[in-house]
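For reference, the chains in residue letters:
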Amino acid sequence: NALFDLGALVVRDLRLNIDDAMANRKLALAADEVRLINSGASHRVLARVRCLLTNSAPVDVVLDYNSDNKGGDSYLGGKQLDIAAIMHGYPLAGVLLERGDGRAQLWTWWQRGRLMQARAEVDLNGLVLTTQAPIVVDEKRQIAPRVGIDRMAFSARWLRRDYGWQVDVADLALTRQG
């Protein structure tokens, strides 16, 4: 790869627009500076990325990759993130996050191009969750279910095993609005 042959590459004022026409979703990302640092088979990308559609704090991105063994690790995360705005209406398992902000961090580890382990630490406040579609009560009425959570915090780990994935959740804290 020609980019990996460079000692270092710095791209300034980067803007990335993602237009998913099939799902009718758009995402606009920007970074003041993205750095690619190469040293033999080791490559590192560093960036602080922000979503242009929101006023959220930026997401720190660190990617380490070894082109010889196709392994590496990654980090994405930040503090004071407006997670609901960043998610921009993208559902997770059919659930939409209408509001919610705080700290979210994700680490991943790769071997031979396969995800081997992921770890997440989350501490969010003021969450409001809803569904993608309302529940139809009858011909004239629908209900849009919502739940409010003052604080949700947890640590989670996904670990690839020979038989599948192992998932551990620790330090779960949920405080519901009342």
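Residues numbered from 1 in each chain as written. Predicted model: local features only at pLDDT ≥ 70, side-chain atom pairs only at ≥ 80, totals over all residues. Heavy atoms only, no water.

Empty space within the largest pocket amounts to approximately 1200 Å³. As for the largest pocket, its lining consists of 39 residues, and the residues nearest its centre are Ile-83, Ile-86, Met-87, Ala-104 and Leu-106. Per element, the largest residue contribution to the lining of the largest pocket is six residues, and it comes from strand β6 (residues 95–111). Residue composition of the lining of the largest pocket, grouped by class: 35 nonpolar, three polar and one charged. (1 Å grid on protein atoms, 1.4 Å probe; cavity = no way out; pocket = protein on both sides within 12 Å on 5 of 7 lines; lining within 4 Å. Points joined across faces, edges and corners; volume = space filled by probe spheres on them. Helix = DSSP H or I, 4+ residues; strand = E, 2+ residues; numbered from the N terminus. Nonpolar A, V, L, I, M, F, W, Y, C, P; charged D, E, K, R; others polar.)

Further remarks concern the pattern of salt bridges. Scanning all chains against the criterion turns up eleven salt bridges. Two residues, Arg-50 and Asp-32, come together in a salt bridge whose shortest N-O distance is 3.3 Å. Here the residue Arg-50 occupies a position in strand β3 (residues 42–51), and Asp-32 occupies one in strand β2 (residues 25–39), the gap between them amounting to 18 residues. Relative accessible area serves as the criterion here: at 31%, Arg-50 is assigned to the partly exposed category. (Salt bridge = Lys/Arg side-chain N within 4 Å of Asp/Glu carboxyl O. Buried < 20%, exposed > 50% of the residue type's maximum accessible area, 1.4 Å probe, protein only.)

A few words now on the nonpolar core. If you look at the biggest cluster of nonpolar residues, it comprises nine residues: Leu-81, Ile-83, Ala-84, Leu-97, Ala-104, Val-122, Leu-124, Leu-127 and Ile-149. Counting residues per element, the ones that place at least two in this core are α1 (83–87), β6 and β7 (114–131). Of all the elements, β7 adds the most residues to this core, at three residues. (Core = buried A, V, L, I, M, F, W, Y, C linked by side-chain atoms within 4.5 Å.)

We now examine the pairing of β6. On any regular strand, side chains alternate: one points to one face of the sheet, the next to the other face. Sheet topology places strand β5 (residues 71–82) next to β6; nine bridges connect them, and they run antiparallel. The residue of β6 that forms the bridge with Leu-76 is Leu-106. Pairing geometry for β6 and β7, over 15 bridges, is antiparallel. By the bridge assignment, Val-95 is partnered in β7 with Thr-131. (Pairing = 2+ DSSP bridges.)

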